[in-house]
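# Structural overview
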Amino acid sequence: KRPPRPHRAFICPREEDAGQSATSWNIRVMQWNILAQALGEGMDSFINCPLEALNWAERKYLILDEILTYRPHILCLQEVDHYYDTFQPILARLGYHGNFCPKPWSPCLVVEGNNGPDGCALFYDEARFELVGSVNLRLSALLIPTNQVAVITTLLCRMTGKRLCVAVTHLKARSGWECLRGAQGSDLLQNLMSLTHASGGSSGSTPDTPLLVCGDFNAVPSEDVYRCFASSPLKLDSAYKLLSSDGLSEPAFTTWKIRPTGECCSTLDYIWYSRDSFSVDAVLEMPTEEQIGPNRLPSYHYPSDHLSLVCDFSFKEKPE
Ligand code: NDP
Ligand code: CA
């Protein structure tokens, strides 16, 4: 009933550099909106996906299989409504430590038989990183608290002794909310600015701690919030642009689904990184339209309506 998931290859954006950096020192990062169980079964109306393909008893193994296939050192998830009963205990046995921030008014809570609120989860491999600190953030828009959250975790790499700051977020969904997403993005950037500057956030200067920001931004690349991240003083770049032939454009889609209102194929998910501190050594290619199939996502092949994004980073050696 469940055919094997098509293989995705890692693409090395800088072929000439391949092999120069010791691959064992790569930091592998996964960004994935895993589709909240309550929303998938009770809210989303993916009309071409049989409800049976969303059955949690099976679907959870597809999600875990994808995580175990790539074994990221850092795992950033959105729409997690099975943190305490599934992901935290299972991933803890696999050597991960997690932090979870539920949404204050999760839409999962209005679904009958829900498993609690959904939220953002950030896991890291404890063999590779030591925890410096972690904060849960409720994003504000013009000082008004919103229903969207972020987890920001500062880690110390045990192999290099270097610090890094990782954030995961899930911005407000749907069209018509572009301004809210813009404000939420600005609030997140402000918080990242003060958390990564030892002096407490003199804007304009380069951050002391390199950054990785993973998220379902619910925003296409032409939106303000994307431009805001791309032009921020934090000097961030989006890793998946390196998949394109010119290195300048985002993939054609990171989510692809069919609802009663129509088909939605768009790029909403990103992995941002400090361009002066990290190089991107490999990017996991996206499945093709043919591999995804005519019924789109989710499906018996793919457990979420969003695809996972996986990249290998390494610290750039800075001349002292
Ligand atoms: P968002 O608008 O950010 O969306 C919430 C979720 O719905 C996202 O995970 C999103 O997925 C998904 N979604 C996006 N588009 C659709 C669609 N067309 N059909 C179905 N699902 C979709 O929600 P908020 O966080 O702002 O919360 C608002 C929601 O909360 C309301 O829709 C309401 O149902 C619910 N609510 C709950 C209350 C409570 O008591 N808990 C009280 C009031 C409202 P993705 O990001 O992948 O697109
Ligand atoms: Ca969703």
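See the structure above.
Cut-offs and rules
- Residues numbered from 1 in each chain as written.
- Chains lettered and ligands numbered in written order.
- Predicted model: local features only at pLDDT ≥ 70, side-chain atom pairs only at ≥ 80, totals over all residues.
- Heavy atoms only, no water.
- Helix = DSSP H or I, 4+ residues; strand = E, 2+ residues; numbered from the N terminus.
- Rg over C-alpha atoms; globule rule 2.2 N^0.38 Å.
- Buried < 20%, exposed > 50% of the residue type's maximum accessible area, 1.4 Å probe, protein only.
- Lys, Arg positive; Asp, Glu negative; His and termini not counted.
- Charge placed at Lys NZ, Arg CZ, Asp CG, Glu CD.
- Near = heavy atom within 4 Å.
- Polar contact = N/O pair within 3.5 Å; in protein donor to acceptor, adjacent residues only side chain to side chain.
- Nonpolar A, V, L, I, M, F, W, Y, C, P; charged D, E, K, R; others polar.
- Pairing = 2+ DSSP bridges.
- Contact = heavy atoms within 4.5 Å.
- Axes fitted to C-alpha atoms, helices over the stretch in contact; angles between N-to-C directions.
- Salt bridge = Lys/Arg side-chain N within 4 Å of Asp/Glu carboxyl O.
- Core = buried A, V, L, I, M, F, W, Y, C linked by side-chain atoms within 4.5 Å.
- Donors = N, O, S within 2.8 Å, 3.2 Å for Na, K, Ca; no water.

So, on to the overall build of the chain. The helix and strand inventory of the chain stands at 6 helices and 15 strands. Relative to the 2.2 N^0.38 estimate, which gives 20 Å for 320 residues, the radius of gyration of the chain is 19 Å and therefore close to what a compact globule would have. With the principal axes as the frame, the chain shows a C-alpha extent of 55 × 45 × 40 Å. In the chain, which comprises 320 residues, the share counted as buried stands at 54%. Here the chain carries 28 positive and 37 negative side-chain charges, and the mean point of each set is 3 Å from the other.

A cis amide bond links Leu 297 with the next residue in sequence, Pro 298, at an omega value of -10 degrees. Residue placement: Pro 298 occurs in the loop between α6 (289–292) and β15 (309–315). Unusually for a residue other than glycine, Leu 142 sits at a positive phi of about 50 degrees. As for its position among the elements, Leu 142 is in the loop between β6 (129–141) and β7 (144–157). Positive phi is not limited to glycine here, since Lys 235 has a value of about 55 degrees. Position of Lys 235 among the secondary structure elements: in the loop between α5 (224–230) and β10 (236–238).

Time to look at the site of ligand 1. Near ligand 1 you find 21 residues, and of these Glu 79, Lys 103, Asn 147, His 170 and Lys 172 are the closest. Asp 44 places a side-chain nitrogen or oxygen 3.2 Å from a nitrogen atom of ligand 1. Note that an oxygen atom of ligand 1 is positioned 3.3 Å from one of the side-chain N or O atoms of Asp 216. Here the residues of the shell around ligand 1 are counted per class, giving 7 nonpolar, 7 polar and 7 charged.

So, on to the sheet that holds strand β2 (residues 27–33). In space, the 7 strands of this open sheet follow the order β1-β14-β15-β2-β3-β5-β4, with mixed pairing throughout. Strand pairing shows two members of the sheet lacking a second neighbour, β1 (10–11) and β4 (96–102), which therefore form its edges. The pairing of β2 with β15 spans 5 bridges and is classified as antiparallel. Following the sheet pairing, Met 30 is matched in β15 by Val 310. Against the sheet, helix α2 (residues 56–70) engages β1, β2, β3 (74–80), β14 (278–284) and β15, with an angle of about 160 degrees to β2. Packing against the sheet, helix α3 (residues 83–93) makes contact with β3, β4 and β5 (119–125), and its axis sits at approximately 160 degrees to β4.

The next point concerns the side chain of Lys 172. Note that Lys 172 resides in the loop between β8 (163–170) and α4 (178–196). Put simply, Lys 172 is tucked away with no salt bridge, and the nearest opposite charge, on Glu 178, sits 11 Å away. The contact partners of Lys 172, leaving out residues within four places of it in the chain, are Gln 148, Trp 177, Leu 180, Arg 181, Gln 184 and Asn 218.

Turning next to the nonpolar core. Ranked by internal contacts, the top residues of the largest apolar core, which has 56 residues, are Ile 74, Phe 87, Phe 123, Leu 164, Leu 212 and Phe 313. Ignoring any residue separated from it by four or fewer positions in sequence, one finds Leu 212 in contact with Val 29, Ile 74, Leu 164, Cys 165, Val 166, Ala 167, Trp 272, Tyr 273, Phe 278 and Phe 313. With 22 residues, the next largest nonpolar core counts Cys 165, Ala 167, Leu 189 and Tyr 270 among its residues.

If you trace the 6 strands from one edge of the open sheet to the other, you get β6-β7-β8-β9-β13-β10, paired in mixed fashion. With one partner strand each, in any of the chains shown, β6 and β10 form the two edges of the open sheet. On average, each strand axis in the sheet is inclined to that of its neighbour by 20 degrees, with strand direction left out of account. Both β6 and β7 contribute to a ladder of 11 bridges, which runs antiparallel.

A word on the pattern of salt bridges. Considering all chains together, one arrives at 14 salt bridges under this definition. Of the charged contacts in the structure, one is a salt bridge between Glu 66 and Arg 8, with a shortest N-O distance of 3.5 Å. With Glu 66 in helix α2 and Arg 8 in the segment before β1, this residue pair connects regions lying 58 residues apart in the sequence. Look at Arg 8 and you get buried, because its relative accessible area is 6%. Put simply, Glu 263 and Arg 296 hold a salt bridge, and the shortest N to O gap is 2.9 Å. Taken together, the residues Glu 263 in strand β12 (residues 262–266) and Arg 296 in the loop between α6 and β15 connect sequence positions 33 residues apart.

Attention now moves to the coordination of the calcium ion (ligand 2). Looking at the calcium ion (ligand 2), the protein donor atoms are Glu 79 (OE) and Glu 79 (OE), and they sit 2.1 to 3.2 Å from it. By the secondary structure assignment, Glu 79 is in strand β3.

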